Structures are given as C-alpha cells and as structure tokens.
Protein chains: 2
Amino acid sequence: MTEIEITQEFLDKIKSLIEQQDNDELLLHFKGLHHADIAEVFDQLNIDEVIYIVKLLDSQKTAEVLMELDQDDRQKILDNLNAREIADEIREMDTDDATDIIGELPDHVMTGVVNNLQGTEMGRHIQELIKYDENSAGGLMAKELIKVNENWSVTGCLTEMRAQAENVTRVHSIYVVDDDGVLKGRLSLKDLITAPSDAHINDVYIKKVDYVDVHTEGEEVARVMKKYDLEAIPVVDELNRLVGRITIDDIVDFITEEADKDYQLAAGISEDVAPDDTVGQFIRARLPWLILGLIGGLGAVYILQGFEGALQNYPLLFFFTPLIAAMAGNVGVQSSAIAVQGLTRGTFGKSILKLLAKEVLIALLNGMALGLLILAFGYVMDIPNLVGLTIALSIICVIMVAALIGTSIPIILDKRGIDPAIATGPFITTSNDIFGIFIFFFIAKMILGF
Amino acid sequence: MTEIEITQEFLDKIKSLIEQQDNDELLLHFKGLHHADIAEVFDQLNIDEVIYIVKLLDSQKTAEVLMELDQDDRQKILDNLNAREIADEIREMDTDDATDIIGELPDHVMTGVVNNLQGTEMGRHIQELIKYDENSAGGLMAKELIKVNENWSVTGCLTEMRAQAENVTRVHSIYVVDDDGVLKGRLSLKDLITAPSDAHINDVYIKKVDYVDVHTEGEEVARVMKKYDLEAIPVVDELNRLVGRITIDDIVDFITEEADKDYQLAAGISEDVAPDDTVGQFIRARLPWLILGLIGGLGAVYILQGFEGALQNYPLLFFFTPLIAAMAGNVGVQSSAIAVQGLTRGTFGKSILKLLAKEVLIALLNGMALGLLILAFGYVMDIPNLVGLTIALSIICVIMVAALIGTSIPIILDKRGIDPAIATGPFITTSNDIFGIFIFFFIAKMILGF
C-alpha cells in the first residue's frame, strides 16, 4: 500500500516548521502528499496551523483538501478566509463540489463569493446548479463532461476531446448530442481508439444510453447506477438536452451517507454525528429520542397503575413486564428494519398485504416457540399454570401485534413522504413497549380475572 | 429514463410464449433487454419457465443475468443445469464473478465444472482466484486488466492494448509493469491519446500508483478506494507482481452489502434477508435473537423476585421498571452505534479512553436532563419525594453505565476480531436491561431501605 501513515513525528515536524514559518520546508513536506492525506493531517492540527497551511499551499491543492474534510471542519477554515480567497478555492473545484460549498456558506459570504466569480464559466455553472435540490440528479451532477456532435468525424472528435478533457479529471464516457444539444447516445474511449480515423461519429456511436433527468431523486440515481453497473450517467433537462453527468464516486459517497444516516436513526441518533463531534452536538442528536423513550416509559407507568389490583395476588406479572416489553421492542425493530430495507432498496414484492401476512405468520411461529420456552421455564420454576399460560399467550399476541406495527409504520411513513428509517429504533421500541404491556395485562385480566 | 418497466402484460406474453414454445418470438422479446431487467423478469417467472429461457438465450447473456440474481435464485437455476452447461455460463463471466459462482456450487458439481474448464484460460484463472479468502483483495479481484511493459513504445502499446481490451468490459487504467511483471505505475487512456506516437511508455507513465496486495481485507480496500476516489485499484502478490484489479462497482456492492448487514444486525437479524425470502429463512435469522432477549427477560424476572420485599410499600418501583429498562437499552444502542461506526469507518479518534470519558459525560448530562423531567413528573403526580429522587438518581446512574457498556463492548469485540456490529441491537439492549434493573433496585434499596 502506498498510503501514507501520519506519524506523530511528522505532525511534530509540521507544527515546529509552522512555528518557525519555514515555508520552503513546509511546501516540501506537503509536496508528495495526496489531498486525502493532507485532510488527515489537518484533522490533527489546530485551526491556526490549518489556516497557515491553507494560505501557503496553492488553491488547486487546498480546494481538493477542503472537499475531503467534514462540513464542520471545512466551515471553520472558510470562516477564516475572505470572499476572494474562497472564490479562488472554488474556482479550482469540480462544478458539483463548488456548488455544494457555495450552498454551505452563510448568506453574506455567499454574495461576496458569487460576486467574485461573476462573469466566469464557473460562476455561470454554479448559478445553474444551485437551482436544483441537493438530493436530485440536478444537485448531484457536475458540468464537466465530454460531449461530441453526432455529425463530427472521428479525427475532429479526437482534437476537440483533447481540449475538453483538460477540465475533466477522468473520462468515463463520451456523450453524443445533436445540433440542439439533445442527448443521442454514447461512445467509449475504447470504441474511439479502435475506430478507423476516417469514420464519422454517426457510424460508431452507441444509440442506447441510460440517463436520468435533473429532477430524478438521488436514491433513484443510485439504484439505476447500481443496477446497470454504471460508472457515470448523463443528466438531461426537460427538453432532453445533455446538461451534466453524475459519476459513481459521488454515488458511493451518497450511498455511504444514506446508510450511515439509516443506521444512526435506527439507533436513535437523529443528526449525523462522528466520534470527534462536540458533546453539545451529541446531546442534540440523542436527547430528543431519550425524552421520547421517557414519555413512553411514563405511559407504561400509567398503564401499570391501572392494573394495580393484580399486585397483591399476581406479583409475577410485574416481574415479567420488562420481558414482555423487550420482546415487543425487539420484534418491532426486526419487522421495521425489513420493511425499511425493502422500501429503500426497492426490493419490496408487489403486495404489501402479502408482506404483512408473512410477518404475522413469522411472528406467530416465533411466538409459539418462545411461548413453549416460557411454559417450560414456568414448569421448572413452579409458576402457577394459569400464570404461565397467561405469559405464554401474551408473548404470542404481543409479538404478532409488534410485527404488524413494525411493518405498517414504515410503509405508512413512506407513503406520506417521510423517511421510513425514522420508524426503526426508539420510535418503534417505545410504542411497542406500551402496546405490549397493555396487551399483556389485558390478557392477564381476561384469564386471571383480578 | 430508458429503464424498462416490467408490465404484467409483458409477463403474461412471455409465459404464454413459453407455453407455446415459440422460441423465435421469445428471443425477439428478450433481445433489447438489459441483463438487469431480464433478472427482474426471472423474479416473476416460475423455475421451469426460467430454466426454459436460460437454455434458450445464449450463455453470454444468461451469464450476466445469473450474476444479477440473488444467490438463492441463482442456486435454483444452477441446480437444473448439468456441469457442461454451468461451465458454458462460467466461461462467459468475468473471472471474479466466475470464481464466486464456482465457490457457491456443491462439491460434486464443482468438480464436474472444473473438469469442463480444464486447460482453458478461465480454468487457470479460477484455480488461482479460488485460493483467496472471499473478503480479501485476492477474493474480490478479477484477472481482466490491461497491462503494458514500461519498455514499449506508445504505438506498440496501442496495438497490444486493442488485443487485450477484447476481454475487458471497461478500461479504467492501463497498468505499467517491468519485465518481471512487477507493478511500476499507471497510464490513463487520456494520457495515451494525448501522447506523441513516437514516445516510449517509460516517458509518459505515472510512477505513482495506489495498490493493495492480495491479502488486504475487503473493508480496507473499500476504505482506500473511497478515500482516494479510485475507480479501480491494482492488486499485487507477495513479490509486488501485478496479479489482478478490483473495480469500483464490486466495491459498491461490497459497501451496500456490509451496510445492509450492519443495519440488520443492529435490528437483531443475523442472516442477510430480503422481503421475498421464505418464512423459514426469516425465522432462522430472527428467532435466536428473540431467545437471547427472552433469556435476558428471565434474568430480569430473577432480579425482580429478589426485591420482592419492596412490593408492599413501593409498588411504584415496579411500575417504573420498564421505563428504566427502556432507557438503559436506548442509551446502550446509541453508544454502541457510535462506537461501531467509528470502528468500521475508521473515523475513531486516537484515544479510546477519551471517547469513553466523553460518552460518560454525555450520559451524565442527558441523565440529568431526564432526571429533572422525572422529578417534575413526580411533583405533578404526587409521587413521594424519596421515591421520585430514587428514580431520578437511578436514571442518571443507569444511563452512565449503559453508555459505558455500549461503548466498551464493540471495542472489545473488535479487538478480538469479532464484527462489532453484532454488539448493537438485541445484545446490548438485553444486557443493559438487566444491568439497568439491577442498578435501579440496588439504589432504591440504599435510599428507601426495604
């Protein structure tokens, strides 16, 4: 592996060079480093040291480093740069990244930066891209691409491409358009190299091309690119004109971010947090879910008080309450996770009713297995038969209801346009706790009649 | 979007054409379809119909369709083909896919297929690739790549490349090796096109290249490719000889699978399941976790029985038990999710002790907020002061311990080489339930002295 290990010695050296303001040595130290590695170095320096380096290195390099950093860290750096300096950084970025950064700036800074970019090509691109929703194809796409006219010759095409390729880091596909800029097809570099040089683009290009339009949602773009194993996909406007392209690396970031968000939501963490976030950020992300759980717990207190009459003769019911609540919560989370994954990955079967029926059947079978274990435990521990039966029967009913709730809530949320991932985790556990405890005592009251 | 919508009419048509054995019409219907779309059609047909189509279409197409299917569905199809037919499919696959499929076959079928491939280039490649662990770079890599010798001329290189490119679906990078096959650097198609034709490879190639070796773990490969935004990475053996390459689309699949697995584990689902799996598969994936929860619940019963003496004077404690258990569970899951993400994404700070201290501090602050809410609730509901204080104080202690456990277990598992993701979900909830309830009643006994 050629990846550079950031050692403590290296960091100490950098820090002391900054203190000595030995710019030549500093430049030498950063020369061979990949921007992703520089970003890791920045994570270990204080903000003044980082600003020193940012102002020292050329903006072509620092622009890439900025894109590697967390939004928070990037914000801190940009806060220390003036509008002209920020504009210099942005000029070196890909258009999609540049637009994201502009969108993150406070309003008054944004105006200054936009003014600095006025009249440049980048300025025009940003003005176009910033109109789109962040999570739409328009918001994900970049303007850098190679397009050729269907009427060109292969030789003319190669010359033109060399000029266009300057702005494009990696050539994925060459897109073919007509005189109106409407997307007609694509051409691979391989095809172009192997084509006779006197051929016309019209003779060699592939008329079939996958594309999305500017309003397609990010998740849908990810699904299509994954399904068809695409490394880049062209984006068209309402008139089918080629306006941009999305590359797989942006989609990889998108997929990872979505997965992280779903995972954290399932664990009851509502903002995207990283281990190095501040205590305040963590509390903001976590406390609301705990308060939700607390309210649910108080609901349980209320229900249990209503069945206080059972305390005298059937204390065992109260000892088993945490078990019932835990079961309801666990099954609810399992069912909701399956529903959420089915919804987000688009792997759902056609019929929702069929899934619900299957979930209830699974719950019935799982419940029966657990019920039998409870009966066996009750027999060994000399629990009165009727109490054992009550608990076993309750487990079955509670699990079935929990599965039903766990499956339905994500589906209902999704239909209403709310991210179903919010349904797994504390939300489901809390509501299932309450339902579970209520069902348990209701059945107990029916059977034991206290 | 050019994606094809699989309509019921289309499916009915296909089914009736199969019944009529109208092969010409069938071939026409499947002609324009992308293999990913054919895979979706297969999902809607019964196994006999699928086999009919598989035997009808040429193996170049069906090989790609097979790779799109779930392992289960693919298995069902392969069960209906003989060793020669399977070998025909495999011959058309990329070497990495071919090796995966061979690995999935039952032993006696595998031998037959391997015999059928004996002496072919594919046979040799498979024999090499199958040695590696599935989740290592060796197990993920394919043999298809374009390599050129550092001593060649650009013109000779172009000719040689055209021949090699036949086997490669997409050209990512051209790798440069020396006479011993040792990886020296890379060359982009863009560089090659723009180089003067009388140049030597030695003059134009980039000496810096990221690579992994055959034993690098899949997660590490994903991390490096994501970090450096790579679309392909070369793989070298112990002698630094270029032996294969991994492309980003395989890594996208790998990342999605890992994220799905983590998400399901967090929800207490231990096998990878999809909504269309059988009831039996679901039960196998879910029942073990429920039994774990049941055992935990029985542990809670045991603890509560030990504090039976409090039942007479402090029934409220038993009403609040589900609340305490839920809080312990929620906080445990939050803390473990943060630890797991830190571990798997490699975004952990250096010091584990620092993270633990931070988690405990966050728990203390969250606990104090929740404790105050409990005291307010107790005041409104006329709960005896000492009982309210007991509950509030318990919440704080329970949450702090839960955070400590939630953070430590993933770290300990990770150190022992066990996937830390197993720690989120039922495992943490169950153990924290028990600890929480015990701490609650222990504090109650100290304060209230029953």
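The shown structure was predicted, so the numbers you read here are calculated from the model rather than taken from an experiment. (Residues numbered from 1 in each chain as written. Chains lettered and ligands numbered in written order. Predicted model: local features only at pLDDT ≥ 70, side-chain atom pairs only at ≥ 80, totals over all residues.)

Engineer: Could you give me a rundown of the overall build of chain A, with the residues and numbers involved?
Structural biologist: When helices and strands are counted, chain A shows 21 helices and six strands. Whereas a compact globule of 450 residues would reach a radius of gyration of roughly 22 Å, chain A reaches 30 Å, over 25% beyond that. Residue pairs in contact within chain A that sit at least 24 positions apart in sequence constitute 69% of those at least 6 positions apart. (Helix = DSSP H or I, 4+ residues; strand = E, 2+ residues; numbered from the N terminus. Rg over C-alpha atoms; globule rule 2.2 N^0.38 Å. Contact = placed C-beta atoms within 7 Å.)

Engineer: Report on the relation of the copies chain B and chain A, specifying residues and quantitative values.
Structural biologist: Expressed as a screw transformation, the operator carrying chain B onto chain A has a rotation angle of 180° and an axial translation of 0.0 Å, and the superposed copies differ by an RMSD of 0.1 Å. Taken together, the rotation angle and the small translation identify this as a two-fold axis. Both copies contact each other with a shared surface, as 100% of the interface residues of chain B are interface residues in chain A too. (Least-squares fit on C-alpha atoms with pLDDT ≥ 70 in both.)

Engineer: Which residues make up the sheet that holds strand β6 (residues 242-247) of chain A, and what are the values?
Structural biologist: Residue and element names in this part refer to chain A. On the basis of which strands lie adjacent, the open sheet formed by three strands has the order β4-β5-β6 and mixed pairing. Strands at the two margins of the open sheet, each flanked by one partner only, are β4 (212-213) and β6. Inspection of the sheet shows strand β5 (residues 232-236) paired to β6 by five bridges, in the antiparallel sense. The residue of β6 that forms the bridge with Val236 is Leu242. Across the sheet, helix α15 (residues 218-227) lies against β4, β5 and β6, angled at about 135° from β5, the strand it touches most. Packing of helix α16 (residues 248-266) onto the sheet brings it into contact with β5 and β6, and relative to β6 it is tilted by some 60°. (Pairing = 2+ DSSP bridges. Axes fitted to C-alpha atoms, helices over the stretch in contact; angles between N-to-C directions.)

Engineer: Which residues make up unusual backbone geometry, and what are the values?
Structural biologist: Residue and element names in this part refer to chain B. The phi torsion at Asp229 lies on the positive side, around 50°, for a residue other than glycine. For Asp229, the position within the fold is in the loop between α15 (218-227) and β5 (232-236). Of note in this structure, Asn240 is not a glycine but carries a positive phi near 65°. Along the chain, the position of Asn240 falls in the loop between β5 and β6 (242-247).

Engineer: Break down the nonpolar core for me, citing the residues and quoting the values.
Structural biologist: Judged by nonpolar contacts, the single largest core of 207 residues is most densely connected at Met327 of chain A together with Met327 of chain B. When residues no more than four places from it in sequence are discounted, the contact partners of Met327 of chain B are Leu290, Gly293, Leu294 and Gly297 of chain A together with Ile395, Val398, Ile399 and Gly436 of chain B. (Core = buried A, V, L, I, M, F, W, Y, C linked by C-beta atoms within 7 Å. Buried ≥ 20, exposed ≤ 12 C-beta atoms within 10 Å, placed from the backbone.)

Engineer: If you had to explain the sheet that holds strand β3 (residues 183-187) of chain B to someone new, which residues and values would you point to?
Structural biologist: Each strand in a sheet pairs with its neighbour through backbone hydrogen bonds, running either in the same direction (parallel) or in the opposite one (antiparallel). All names here are of chain B. Taken together, the three strands give an open sheet; going across it, the order is β1-β2-β3, and neighbouring strands pair in mixed fashion. The open sheet has two free edges, formed respectively by β1 (146-149) and β3, since each of these has just one partner strand. For this sheet, the mean inter-axis angle between neighbouring strands, taken without regard to orientation, is 35°. Where strand β2 (residues 174-177) lies against β3, four bridges are found, and the strand directions are antiparallel. Opposite Tyr175, over in β3, you have Arg186 as the bridge partner.

Engineer: Quick one: what's the story with the interface of chain B and chain A, residue by residue and with numbers?
Structural biologist: The interface of chain B with chain A comprises 96 residues on the first partner and 96 residues on the second. Residue assignment for the side of chain B that touches chain A shows that the elements contributing at least two residues are α12 (154-165), α13 (189-194), α15, α16 (248-266), α17 (279-306), α18 (315-345), α19 (352-380) and α21 (426-448) of chain B. The element that contributes the greatest number of residues to the side of chain B that touches chain A is α18 of chain B, accounting for 18 residues.

Engineer: I'd like to hear about the domain arrangement of chain A, residue by residue, with values.
Structural biologist: Interface size is commonly expressed as the accessible surface area that is lost when the partners come together. In terms of domain boundaries, chain A breaks down into domain 1 (8-140), domain 2 (146-248) and domain 3 (279-448). The straight-line distance from the C-alpha centre of domain 1 of chain A to that of domain 3 of chain A is 49 Å. (Domains from an automatic or database assignment.)

Engineer: Hey, could you go over the pairing of strand β2 (residues 174-177) of chain A for me, with residue numbers and the actual values?
Structural biologist: All names here are of chain A. Strand direction decides the pairing type here: strand β1 (residues 146-149) and β2, joined by four bridges, are parallel. The residue bridging Asn149 from the neighbouring strand is Val177, located in β2. Linking β2 back to strand β3 (residues 183-187) in an antiparallel pair, the connection comprises five residues, with Gly181 at a positive phi of about 85°.

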